[in-house]
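Below are the chains, spelled out letter by letter.
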Amino acid sequence: MAAGEALAVLQRTIWDARLPLEIRLAASESRTYDTGDPYLISYPRLAYLPSLLPKLHAYFASSLITDPDTVSPFTGYFTFDNVALKWHLPLGLLYDVYVLSTQDAGQAPSTTALLPFRITLHFTPDPAGSQIPDASPVVLHDAFINAVKEADFLRSGTAKPIMSLGAQESKALWTSTQNNDLFTFSKIHTALLPPPGQTRNIPIRVYLPSSPDQEPTKAQIKVIQSQVGPTIAAPVQTSATALRPTSGGQPQTLGTALHQMVPSIFPSRRTALLATPLLHGVPVPMTALLDELYRWACYADGWLSVVVAMRA
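- As recorded by an unreviewed UniProt entry, the protein chain carries the name Autophagy protein 5 and is attributed to Exophiala mesophila.
- Under the Subunit (unreviewed entry) heading, UniProt states for the protein chain: "Conjugated with ATG12."
- Looking at the protein chain in UniProt, the text filed under Sequence similarities (unreviewed entry) is "Belongs to the ATG5 family."

And the structure:
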(Lines give C-alpha, C1' and ligand atoms only; values in the text may rest on other atoms or scores of the structure.)
Protein backbone atom coordinates (compact mmCIF):
# COMPACT_ATOMS: atom_id res chain seq x y z
CA MET A 1 0.00 0.00 0.00
CA ALA A 2 1.36 3.42 -1.01
CA ALA A 3 2.07 5.99 1.69
CA GLY A 4 -0.75 8.25 0.52
CA GLU A 5 -3.24 5.38 0.60
CA ALA A 6 -2.09 4.35 4.08
CA LEU A 7 -2.57 7.91 5.37
CA ALA A 8 -6.03 8.08 3.81
CA VAL A 9 -6.92 4.81 5.58
CA LEU A 10 -5.63 6.33 8.84
CA GLN A 11 -7.87 9.36 8.41
CA ARG A 12 -10.88 7.19 7.61
CA THR A 13 -10.17 5.04 10.67
CA ILE A 14 -10.05 8.13 12.90
CA TRP A 15 -13.38 9.35 11.55
CA ASP A 16 -15.03 5.94 11.94
CA ALA A 17 -13.77 5.41 15.50
CA ARG A 18 -16.50 5.26 18.16
CA LEU A 19 -16.64 5.05 21.93
CA PRO A 20 -19.19 3.06 23.93
CA LEU A 21 -20.94 5.45 26.34
CA GLU A 22 -22.91 4.71 29.48
CA ILE A 23 -24.81 7.84 30.50
CA ARG A 24 -26.77 7.94 33.76
CA LEU A 25 -28.97 10.64 35.20
CA ALA A 26 -27.57 12.18 38.38
CA ALA A 27 -29.16 10.38 41.36
CA SER A 28 -30.03 13.71 43.00
CA GLU A 29 -32.22 14.59 40.01
CA SER A 30 -33.98 11.24 39.74
CA ARG A 31 -37.50 10.59 41.09
CA THR A 32 -36.25 7.31 42.59
CA TYR A 33 -33.04 8.91 43.95
CA ASP A 34 -30.90 6.40 42.13
CA THR A 35 -29.25 6.40 38.72
CA GLY A 36 -31.89 4.16 37.10
CA ASP A 37 -31.40 2.62 33.69
CA PRO A 38 -28.51 4.14 31.72
CA TYR A 39 -28.57 5.47 28.19
CA LEU A 40 -26.19 3.32 26.13
CA ILE A 41 -24.77 4.43 22.81
CA SER A 42 -21.73 3.98 20.58
CA TYR A 43 -20.79 7.56 19.69
CA PRO A 44 -18.14 8.95 17.28
CA ARG A 45 -14.95 10.08 18.97
CA LEU A 46 -14.91 13.26 16.89
CA ALA A 47 -18.46 14.27 17.86
CA TYR A 48 -19.53 16.54 20.71
CA LEU A 49 -21.55 15.41 23.73
CA PRO A 50 -24.03 18.34 23.86
CA SER A 51 -25.45 17.16 20.51
CA LEU A 52 -26.93 14.23 22.45
CA LEU A 53 -28.85 16.44 24.89
CA PRO A 54 -32.25 16.43 23.11
CA LYS A 55 -32.27 12.62 22.96
CA LEU A 56 -31.10 12.34 26.56
CA HIS A 57 -33.74 14.79 27.76
CA ALA A 58 -36.45 12.71 26.08
CA TYR A 59 -35.02 9.45 27.46
CA PHE A 60 -34.77 10.65 31.07
CA ALA A 61 -37.87 12.91 31.08
CA SER A 62 -40.00 10.42 33.03
CA SER A 63 -37.25 10.06 35.66
CA LEU A 64 -36.68 13.75 36.37
CA ILE A 65 -37.85 15.17 39.69
CA THR A 66 -38.34 18.52 38.01
CA ASP A 67 -41.14 18.86 35.48
CA PRO A 68 -39.32 18.04 32.21
CA ASP A 69 -41.41 20.60 30.34
CA THR A 70 -39.77 23.34 32.39
CA VAL A 71 -36.25 22.08 31.70
CA SER A 72 -34.53 22.94 28.44
CA PRO A 73 -32.53 20.01 27.03
CA PHE A 74 -29.69 22.40 26.27
CA THR A 75 -29.09 23.29 29.92
CA GLY A 76 -27.74 19.78 30.47
CA TYR A 77 -24.09 19.07 31.19
CA PHE A 78 -21.93 16.03 31.93
CA THR A 79 -19.55 14.96 34.68
CA PHE A 80 -17.00 12.20 35.08
CA ASP A 81 -15.92 11.31 38.62
CA ASN A 82 -17.63 14.52 39.80
CA VAL A 83 -15.61 16.64 37.38
CA ALA A 84 -17.61 18.69 34.87
CA LEU A 85 -16.55 17.79 31.32
CA LYS A 86 -15.56 20.58 28.96
CA TRP A 87 -18.54 20.84 26.60
CA HIS A 88 -16.52 22.30 23.70
CA LEU A 89 -14.08 19.36 23.42
CA PRO A 90 -14.84 16.30 21.26
CA LEU A 91 -15.77 13.07 23.01
CA GLY A 92 -12.57 11.19 22.12
CA LEU A 93 -10.37 13.94 23.49
CA LEU A 94 -12.36 14.03 26.74
CA TYR A 95 -11.95 10.27 27.15
CA ASP A 96 -8.22 10.41 26.45
CA VAL A 97 -7.72 13.27 28.94
CA TYR A 98 -9.85 11.94 31.80
CA VAL A 99 -9.35 8.19 31.38
CA LEU A 100 -6.37 7.16 29.25
CA SER A 101 -3.99 9.82 30.58
CA THR A 102 -4.56 8.51 34.12
CA GLN A 103 -3.26 5.05 33.20
CA ASP A 104 0.37 4.00 33.44
CA ALA A 105 1.62 4.54 29.90
CA GLY A 106 4.33 1.94 30.46
CA GLN A 107 1.75 -0.83 30.66
CA ALA A 108 -0.97 -1.96 28.28
CA PRO A 109 -4.33 -0.83 29.74
CA SER A 110 -7.20 -3.24 30.25
CA THR A 111 -9.77 -2.17 27.65
CA THR A 112 -12.51 -3.98 29.53
CA ALA A 113 -11.89 -1.98 32.67
CA LEU A 114 -11.77 1.37 30.86
CA LEU A 115 -14.88 0.94 28.71
CA PRO A 116 -17.62 2.00 28.44
CA PHE A 117 -16.94 5.64 29.23
CA ARG A 118 -19.28 6.13 32.22
CA ILE A 119 -20.50 9.70 32.60
CA THR A 120 -23.30 11.40 34.51
CA LEU A 121 -25.91 13.77 33.09
CA HIS A 122 -27.17 16.81 35.02
CA PHE A 123 -29.91 19.32 34.31
CA THR A 124 -29.79 21.35 37.53
CA PRO A 125 -27.30 24.25 37.71
CA ASP A 126 -23.75 23.37 38.61
CA PRO A 127 -22.55 25.32 41.71
CA ALA A 128 -19.13 25.67 40.08
CA GLY A 129 -20.70 27.17 36.97
CA SER A 130 -19.05 24.65 34.64
CA GLN A 131 -22.10 24.05 32.47
CA ILE A 132 -23.04 26.46 29.71
CA PRO A 133 -26.37 28.28 29.88
CA ASP A 134 -27.53 27.09 26.47
CA ALA A 135 -25.72 24.30 24.61
CA SER A 136 -27.92 24.89 21.58
CA PRO A 137 -26.86 23.96 18.03
CA VAL A 138 -26.06 27.63 17.33
CA VAL A 139 -23.79 27.90 20.38
CA LEU A 140 -22.01 24.65 19.48
CA HIS A 141 -21.53 25.74 15.87
CA ASP A 142 -20.09 29.11 16.90
CA ALA A 143 -17.68 27.56 19.42
CA PHE A 144 -16.49 25.06 16.80
CA ILE A 145 -15.98 27.72 14.13
CA ASN A 146 -14.09 29.94 16.60
CA ALA A 147 -11.65 27.06 17.19
CA VAL A 148 -11.31 26.60 13.42
CA LYS A 149 -10.59 30.33 13.01
CA GLU A 150 -7.84 30.22 15.62
CA ALA A 151 -6.23 27.21 13.95
CA ASP A 152 -6.54 28.92 10.56
CA PHE A 153 -4.78 32.03 11.86
CA LEU A 154 -1.86 29.97 13.20
CA ARG A 155 -1.49 28.05 9.93
CA SER A 156 -1.67 31.04 7.59
CA GLY A 157 -0.96 34.10 9.69
CA THR A 158 -4.45 35.30 8.84
CA ALA A 159 -8.02 34.09 9.29
CA LYS A 160 -8.87 35.09 5.73
CA PRO A 161 -9.38 31.51 4.45
CA ILE A 162 -12.04 30.64 7.05
CA MET A 163 -13.58 34.12 6.89
CA SER A 164 -14.02 33.75 3.13
CA LEU A 165 -16.21 30.66 3.59
CA GLY A 166 -19.88 31.18 2.85
CA ALA A 167 -22.51 30.53 5.50
CA GLN A 168 -23.43 27.20 3.92
CA GLU A 169 -19.81 26.00 3.84
CA SER A 170 -19.28 27.08 7.43
CA LYS A 171 -22.37 25.16 8.48
CA ALA A 172 -21.34 22.15 6.39
CA LEU A 173 -17.93 22.05 8.09
CA TRP A 174 -19.73 21.64 11.42
CA THR A 175 -22.53 19.31 10.33
CA SER A 176 -20.11 17.03 8.48
CA THR A 177 -18.32 16.51 11.80
CA GLN A 178 -21.55 15.56 13.54
CA ASN A 179 -22.69 13.36 10.64
CA ASN A 180 -19.33 11.61 10.22
CA ASP A 181 -19.19 12.89 6.63
CA LEU A 182 -15.47 12.78 5.86
CA PHE A 183 -15.94 13.56 2.15
CA THR A 184 -17.70 16.89 2.76
CA PHE A 185 -15.39 17.80 5.62
CA SER A 186 -12.19 17.06 3.65
CA LYS A 187 -13.34 19.11 0.67
CA ILE A 188 -13.81 22.23 2.84
CA HIS A 189 -10.93 21.64 5.27
CA THR A 190 -8.40 21.01 2.49
CA ALA A 191 -9.34 24.32 0.87
CA LEU A 192 -8.41 26.08 4.13
CA LEU A 193 -4.90 24.63 4.28
CA PRO A 194 -2.01 26.76 2.97
CA PRO A 195 -0.20 25.57 -0.17
CA PRO A 196 2.75 23.21 0.45
CA GLY A 197 5.67 25.02 1.99
CA GLN A 198 3.62 28.02 3.13
CA THR A 199 2.37 26.77 6.50
CA ARG A 200 3.60 29.14 9.21
CA ASN A 201 2.74 27.09 12.28
CA ILE A 202 1.12 23.76 13.14
CA PRO A 203 -1.91 24.27 15.40
CA ILE A 204 -1.00 21.91 18.22
CA ARG A 205 -2.21 21.66 21.81
CA VAL A 206 -0.77 19.38 24.45
CA TYR A 207 -3.11 18.20 27.23
CA LEU A 208 -1.30 17.36 30.45
CA PRO A 209 -2.62 15.25 33.33
CA SER A 210 -3.71 17.42 36.25
CA SER A 211 -4.72 16.10 39.67
CA PRO A 212 -7.45 17.75 41.74
CA ASP A 213 -6.20 20.00 44.55
CA GLN A 214 -8.38 18.84 47.41
CA GLU A 215 -11.78 18.30 45.87
CA PRO A 216 -12.49 16.52 42.58
CA THR A 217 -14.58 19.44 41.30
CA LYS A 218 -11.46 21.61 41.29
CA ALA A 219 -9.67 19.41 38.74
CA GLN A 220 -8.64 21.30 35.62
CA ILE A 221 -7.30 20.38 32.22
CA LYS A 222 -3.82 21.83 31.76
CA VAL A 223 -3.27 22.80 28.14
CA ILE A 224 0.04 23.87 26.58
CA GLN A 225 -0.06 25.78 23.30
CA SER A 226 2.88 27.28 21.45
CA GLN A 227 3.95 28.40 18.00
CA VAL A 228 5.49 25.33 16.38
CA GLY A 229 6.65 25.53 12.78
CA PRO A 230 6.58 22.61 10.32
CA THR A 231 10.38 22.70 10.10
CA ILE A 232 13.29 23.28 12.45
CA ALA A 233 15.61 25.99 11.24
CA ALA A 234 19.24 24.91 11.52
CA PRO A 235 21.41 27.64 13.06
CA VAL A 236 24.58 28.76 11.27
CA GLN A 237 27.59 30.54 12.77
CA THR A 238 27.75 34.19 11.70
CA SER A 239 30.31 35.41 14.23
CA ALA A 240 32.14 34.20 17.26
CA THR A 241 29.13 34.89 19.47
CA ALA A 242 26.03 35.10 17.24
CA LEU A 243 23.91 32.46 15.61
CA ARG A 244 21.14 33.00 13.12
CA PRO A 245 18.68 30.42 11.73
CA THR A 246 18.94 29.30 8.12
CA SER A 247 15.93 29.10 5.84
CA GLY A 248 14.37 25.70 5.39
CA GLY A 249 15.69 23.24 7.95
CA GLN A 250 14.74 19.74 8.99
CA PRO A 251 11.12 18.60 9.21
CA GLN A 252 9.59 19.02 12.65
CA THR A 253 8.68 15.74 14.33
CA LEU A 254 6.27 15.14 17.17
CA GLY A 255 9.29 14.55 19.41
CA THR A 256 11.01 17.83 18.56
CA ALA A 257 7.73 19.70 19.01
CA LEU A 258 7.02 18.14 22.41
CA HIS A 259 10.61 18.76 23.51
CA GLN A 260 10.15 22.43 22.59
CA MET A 261 6.79 22.75 24.35
CA VAL A 262 7.30 20.64 27.50
CA PRO A 263 11.02 19.77 27.79
CA SER A 264 10.68 18.66 31.42
CA ILE A 265 8.31 15.85 30.37
CA PHE A 266 9.96 15.11 27.02
CA PRO A 267 13.71 15.62 27.59
CA SER A 268 14.49 13.46 24.55
CA ARG A 269 13.46 14.42 21.03
CA ARG A 270 13.33 10.82 19.82
CA THR A 271 12.36 8.62 22.75
CA ALA A 272 9.39 8.84 25.11
CA LEU A 273 11.18 8.36 28.42
CA LEU A 274 8.83 9.84 31.02
CA ALA A 275 5.52 9.97 29.18
CA THR A 276 3.73 8.70 26.09
CA PRO A 277 1.99 11.02 23.60
CA LEU A 278 -1.52 9.86 22.66
CA LEU A 279 -3.42 10.95 19.58
CA HIS A 280 -7.01 9.71 19.15
CA GLY A 281 -6.37 7.23 21.96
CA VAL A 282 -3.30 5.66 20.35
CA PRO A 283 0.40 6.05 21.26
CA VAL A 284 2.26 7.99 18.55
CA PRO A 285 5.97 7.55 17.70
CA MET A 286 8.09 10.54 18.61
CA THR A 287 9.67 10.36 15.14
CA ALA A 288 6.36 10.93 13.33
CA LEU A 289 6.50 13.98 11.05
CA LEU A 290 4.38 16.73 12.57
CA ASP A 291 3.11 18.12 9.26
CA GLU A 292 1.85 14.70 8.13
CA LEU A 293 0.27 14.04 11.52
CA TYR A 294 -1.52 17.34 11.26
CA ARG A 295 -2.81 16.90 7.73
CA TRP A 296 -4.17 13.42 8.33
CA ALA A 297 -4.90 13.17 12.06
CA CYS A 298 -5.97 16.60 13.32
CA TYR A 299 -9.36 16.94 14.98
CA ALA A 300 -12.22 18.42 12.99
CA ASP A 301 -11.67 21.84 14.59
CA GLY A 302 -8.25 22.01 12.95
CA TRP A 303 -6.18 21.28 16.04
CA LEU A 304 -3.67 18.49 16.59
CA SER A 305 -4.62 17.62 20.16
CA VAL A 306 -2.01 15.45 21.87
CA VAL A 307 -2.73 13.93 25.28
CA VAL A 308 0.16 13.06 27.59
CA ALA A 309 0.06 9.83 29.59
CA MET A 310 2.77 9.66 32.25
CA ARG A 311 4.82 6.55 32.91
CA ALA A 312 4.97 5.19 36.44
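Side note on the sheet that holds strand β12 (residues 275-279)
- Read across the sheet, five strands follow the order β7-β6-β14-β12-β13 without closing on themselves; strand pairing throughout is mixed. Only two strands of the sheet have a single partner each, and these edge strands are β7 (222-225) and β13 (282-283).
- Relative to β7, strand β6 (residues 204-208) is paired through four bridges, and the arrangement is antiparallel. For tyrosine 207, the partnering residue across the bridge sits in β7 and is valine 223.
- Docked against the sheet, helix α9 (residues 254-261) engages β6, β7, β12 and β14 (304-310), running at close to 65 degrees with respect to β6.

Some remarks on the pattern of salt bridges
- All told, the structure shown has seven salt bridges when counted by the stated rule.
- Close ionic contact of arginine 24 with glutamate 22 constitutes a salt bridge, the shortest N to O distance being 3.1 Å.
- Note on glutamate 22: relative accessible area 13%, which makes it buried.
- Its salt-bridge partner being aspartate 152, residue arginine 155 comes within 2.9 Å of it at the nearest N-O pair. Here aspartate 152 and arginine 155 lie together in helix α5 (residues 137-156), a separation of three residues that amounts to about one turn.
- For aspartate 152, a relative accessible area of 0% gives the class buried.
- What you see here is one network of salt bridges that share partners, running through Glu22, Arg24 and Arg118.

Description of the side chain of threonine 256
- Within the secondary structure layout, threonine 256 lies in helix α9.
- A polar contact of 2.9 Å, which involves the side chain of threonine 256, links it to the backbone nitrogen of threonine 253.
- Not counting residues within four places of it along the chain, the set of residues in contact with threonine 256 comprises Ile232 and Arg269.

So, the pairing of β6
- β6 sits mainly inside the fold: five of its five residues count as buried.
- Of the two faces of β6, the one holding Ile204, Val206 and Leu208 and the one holding Arg205 and Tyr207 are both buried throughout.
- Summarising the sheet, β6 and β14 pair through four bridges and their orientation is parallel. Note that in β14 the partner of tyrosine 207 across the bridge is valine 307.

Section: the packing of helix α7 (residues 167-178) against helix α8 (residues 182-192)
- At a minimum axis separation of 8 Å, α7 and α8 run at an interaxial angle of 130 degrees. Considered as vectors, α7 and α8 are oriented oblique to each other. The two elements α7 and α8 meet at a crossing, and its hand is left-handed. Residues Glu169, Ala172, Leu173, Ser176 and Thr177 of α7 form the contact with α8, whose own contacting residues are Thr184, Phe185, Ile188, His189 and Leu192.
- Taken together, the residues that form the contact of α7 with α8 break down as five nonpolar, four polar and one charged.

Criteria and thresholds
Residues numbered from 1 in each chain as written. Predicted model: local features only at pLDDT ≥ 70, side-chain atom pairs only at ≥ 80, totals over all residues. Heavy atoms only, no water. UniProt positions renumbered as here; feature names shortened; annotations may be inferred. Pairing = 2+ DSSP bridges. Helix = DSSP H or I, 4+ residues; strand = E, 2+ residues; numbered from the N terminus. Contact = heavy atoms within 4.5 Å. Axes fitted to C-alpha atoms, helices over the stretch in contact; angles between N-to-C directions. Salt bridge = Lys/Arg side-chain N within 4 Å of Asp/Glu carboxyl O. Buried < 20%, exposed > 50% of the residue type's maximum accessible area, 1.4 Å probe, protein only. Polar contact = N/O pair within 3.5 Å; in protein donor to acceptor, adjacent residues only side chain to side chain. Parallel < 35°, antiparallel > 145°, perpendicular 65-115°, else oblique. Left-handed = near helix turned anticlockwise from the far one by under 90°. Nonpolar A, V, L, I, M, F, W, Y, C, P; charged D, E, K, R; others polar.

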